[in-house]
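Fold and geometry: a report
Listed below are the residues making up each chain.
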Amino acid sequence: MSDSYADRDGKIWMDGELVDWRDANVHILTHALHYASSVFEGERCYDGKVFKSREHSERLIKSGELMDMEIPYTVDEIEAAKKATLEANGLTNAYLRVVAFRGAGADMGVAASRNPVRMAVTAWKWGNYYGDAKMKGAKLDIAKWKRPSPETIPVAAKAAGLYMICTMSKHAAEAKGCSDAMFLDYRGYVAEATGANIFFVKDGEVHTPLADSILNGLTRQTIIGVLKDRQIKVHERHILPEELEGFEQCWLTGSAAEVTPVGQIGDYTFEVGELTREVAEAYEKLVRA
């Protein structure tokens, strides 16, 4: 298999049919390439079952609505497309990327109401998102960019354009020898990592940023449920960056990241403690239940 994601064997579902991986192309004047008119979902399949699959499909449609982009497929049709893609590639444990975007059409300015909304589903084998950080804890930089106000963008949409500062911040973090970067929001509160929500532990209780300017991740919601089922108090609140000094443990959550311990953020260090390990193990069992 080539190192390039464009040069692989397999099938990709595009606009209702399975096509050869290398032929899954779009025109250079695709609107999404120029104006980021694109929404997506990242999902993991465990032993033949996509975790929270329908919730992901429902969120894709909702993201499209928030972006004034009606996706021309129902939840059931998106579910069928994911199943067909996995079967066509012979995968039972995989990462899936479902993307809906405005294609090339009659419009090539900012407005694109006459351009078709297209959709594609891909799947491939993907290991730990943060590599060996799942055992020893990831090292995070603190991004210079901030998560914007919900008055400027639809923060509830999983939209491609919202990840521009994520790419920039992760590149800067990697240049410093870090795995990722943590954002503050526009008010200066702790927000999230570039592609994952964040949790902290202090005195046996869990603290996580209020999802009022960030995406309320499905894995985030799952982990909050796991903690509450174990009678562990969860504080969803605004967290100031200076509070990091008093937290004992930290972890990230996301469909790609799953549950990944954090060992360091900037100058602050955390232990990969018992609760972090318990939550990670509980999630591993849940996704394969």
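Look up a bit, the structure's there.
Presented here is an overview of the structure given in this document.

Scoring rules and cut-offs
Per chain, residues are indexed from 1 in the order of the written sequence. Where totals are concerned, whole chains, interfaces and linings use all residues; where local detail is concerned, this predicted model gives features only for residues with pLDDT of at least 70, and gives and counts side-chain atom pairs only at 80 or more. Calculation of side-chain values draws on the structure's entire complement of heavy atoms; hydrogens and water are dropped beforehand. Note on ring pairs: Phe, Tyr and Trp rings are taken, using the six-membered ring of Trp, and paired if centres are within 6.5 Å. Classes follow the plane angle, with under 30 degrees stacked, over 60 edge-to-face and the rest tilted. In this scheme, the term charge over a ring applies when either NZ of a lysine or CZ of an arginine sits within 6 Å of the ring centre and within 35 degrees of the ring normal. Only runs of H or I of at least four residues qualify as helices and only runs of E of at least two qualify as strands under DSSP, and these elements are numbered from the N terminus. Given the number of residues in a helix, its expected span is that number minus one, multiplied by 1.5 Å. Using a 1.4 Å probe on the protein chains alone, a residue whose accessible area is under 20% of its type maximum counts as buried, one over 50% counts as exposed, and one in between counts as partly exposed. In this context, the arc is that of the directions from the helix axis out to the C-beta atoms. Whether two residues are in contact is decided by their heavy atoms: any pair within 4.5 Å suffices. Here, a strand pair is defined by DSSP locating no fewer than two bridges between the strands. By convention in these notes, a salt bridge is any Lys or Arg side-chain nitrogen within 4 Å of a carboxyl oxygen on Asp or Glu. Only residues whose relative accessible area exceeds 30% and that form no salt bridge are eligible for patches; like-charged ones are grouped when within 9 Å, while nonpolar side chains (Val, Leu, Ile, Met, Phe, Trp, Tyr) are grouped when within 5 Å. Calculation of accessible area relied on Shrake-Rupley with a 1.4 Å probe; when residues are assessed, cover is drawn exclusively from the protein chains displayed. Helix axes use the C-alpha atoms of the stretch in contact, all axes being lines fitted to C-alpha atoms, and the angles between their N-to-C directions lie in the range 0 to 180 degrees. Oblique is the label for every angle not falling under 35 degrees (roughly parallel), over 145 degrees (roughly antiparallel), or within 65 to 115 degrees (roughly perpendicular). Handedness of a crossing follows from how the near helix is turned relative to the far one, being left-handed for an anticlockwise turn of less than a right angle and right-handed for a clockwise one. Residues are grouped as follows: Ala, Val, Leu, Ile, Met, Phe, Trp, Tyr, Cys and Pro are nonpolar; Asp, Glu, Lys and Arg are charged; every other residue, Gly included, is polar.

1. Some words on the packing of aromatic side chains
The tally for this structure, following the rule as stated, stands at 12 aromatic pairs. Both rings, one in Trp124 and one in Trp126, keep their centres 5.8 Å apart while their planes meet at 50°; by these two values the pair is tilted. Here the aromatic cluster, defined as three or more aromatic residues joined through ring pairs, consists of Tyr5, Tyr95, Trp124, Trp126, Tyr129 and Tyr130. For the cation-ring pair, Arg8 lies above Tyr5, with the distance from its terminal atom to the ring centre recorded as 4.1 Å. Against the face of Phe183 rests Arg147, its NZ or CZ located 5.0 Å from the ring centre.

2. Quick notes on helix α5 (residues 164–175)
Under the 1.5 Å per step criterion, the end-to-end length of α5 is 17 Å for 12 residues, consistent within 8% with the ideal 16 Å. Ile165, Cys166, Ser169, Lys170 and Ala173 are the residues of α5 that are buried. Projected down its long axis, α5 shows its buried positions confined to an angular sector of 130°, all on one face. Away from its buried face, by an angle of more than 90 degrees, α5 presents the exposed residues Met164, His171 and Ala175. Tucked inside the fold, the buried residues of α5 contact β7 (138–147) and β8 (180–185). Taken from the residues just after α5, Gly177 is the one with a positive phi, measuring 85°.

3. Regarding the environment of Ser213
Note on placement: Ser213 falls in the loop between β11 (205–209) and α6 (218–229). Taking the C-alpha atoms as reference points, Ser213 and Met168, 45 residues apart in sequence, are found 19 Å from one another.

4. Re unusual backbone geometry
One non-glycine residue, Asp47, adopts positive backbone phi at about 50°. Relative to the helices and strands, Asp47 is located in the loop between β3 (38–46) and β4 (49–50).

5. Points about the pairing of strand β5 (residues 94–102)
When you tally the buried positions in β5, you get 7 out of 9 residues, the bulk of the element. Bridging between β3 and β5 involves 8 bridges; their strand directions are antiparallel. Bridge pairing links Cys45 to Ala94 in β5. Note that β5 and strand β6 (residues 117–124) share 8 bridges and pair antiparallel.

6. Observations concerning the pairing of strand β9 (residues 190–193)
Side-chain positions along a regular strand alternate between the two faces of the sheet. Of the strand pairs in this sheet, β8 and β9 are connected by 3 bridges, and their pairing is antiparallel. Each bridged residue has a counterpart across the sheet, and for Leu184 the counterpart in β9 is Val190. Linkage of β8 to β9, two consecutive antiparallel strands, is achieved through a turn of 4 residues, within which Gly188 is found at a positive phi near 100°.

7. Some points on the sheet that holds β4
The 6 strands are arranged β2-β1-β6-β5-β3-β4 in an open sheet whose pairing can be described as antiparallel. Single-partner strands in this sheet number two, and they are β2 (17–20) and β4. With 2 bridges joining them, strand β1 (residues 11–14) and β6 adopt antiparallel strand pairing. If you follow Trp13 over to β6, its bridge partner there is Val121.

8. A short note on the pattern of salt bridges
A complete count under the given rule lists 18 salt bridges for this structure. Its salt-bridge partner being Arg237, residue Glu243 comes within 2.6 Å of it at the nearest N-O pair. Residue class for Glu243 comes out partly exposed when judged on its relative accessible area of 25%. One network of salt bridges, in which partners are shared, links Asp7, Asp9 and Arg22.

9. Comments concerning a nonpolar patch on the surface
Taken together, the side chains of Ile28, Leu29, Leu33, Tyr35, Met108 and Val110 define a hydrophobic patch exposed on the protein surface, amounting to about 590 Å² of accessible area. With respect to the secondary-structure elements, Leu29 resides in the loop between β2 and α1 (31–35).

10. Points about the environment of Lys228
Note that Lys228 resides in helix α6. Its relative accessible area of 46% is what places Lys228 among the partly exposed residues. Through-space distance from the C-alpha of Lys228 to that of Trp251 is 17 Å; in sequence the pair is 23 residues apart. Setting aside residues no more than four positions away along its own chain, Lys228 makes contact with Val234 and Glu236.

11. Points about the packing of helix α2 (residues 53–66) against helix α3 (residues 75–88)
The interhelical angle for the contact between α2 and α3, taken along N-to-C directions, is 120°, at an axis separation of 9 Å. By the angle between their directions, the pair α2 and α3 is classed as oblique. The way α2 lies across α3 gives a crossing that is right-handed. For the pair α2 and α3, the contacting residues are Ser53, Arg54, His56, Ser57, Glu58, Leu60 and Ile61 in the first and Val75, Asp76, Ile78, Glu79 and Lys82 in the second. Residue composition of the contact of α2 with α3, by class: 4 nonpolar, 3 polar and 5 charged.

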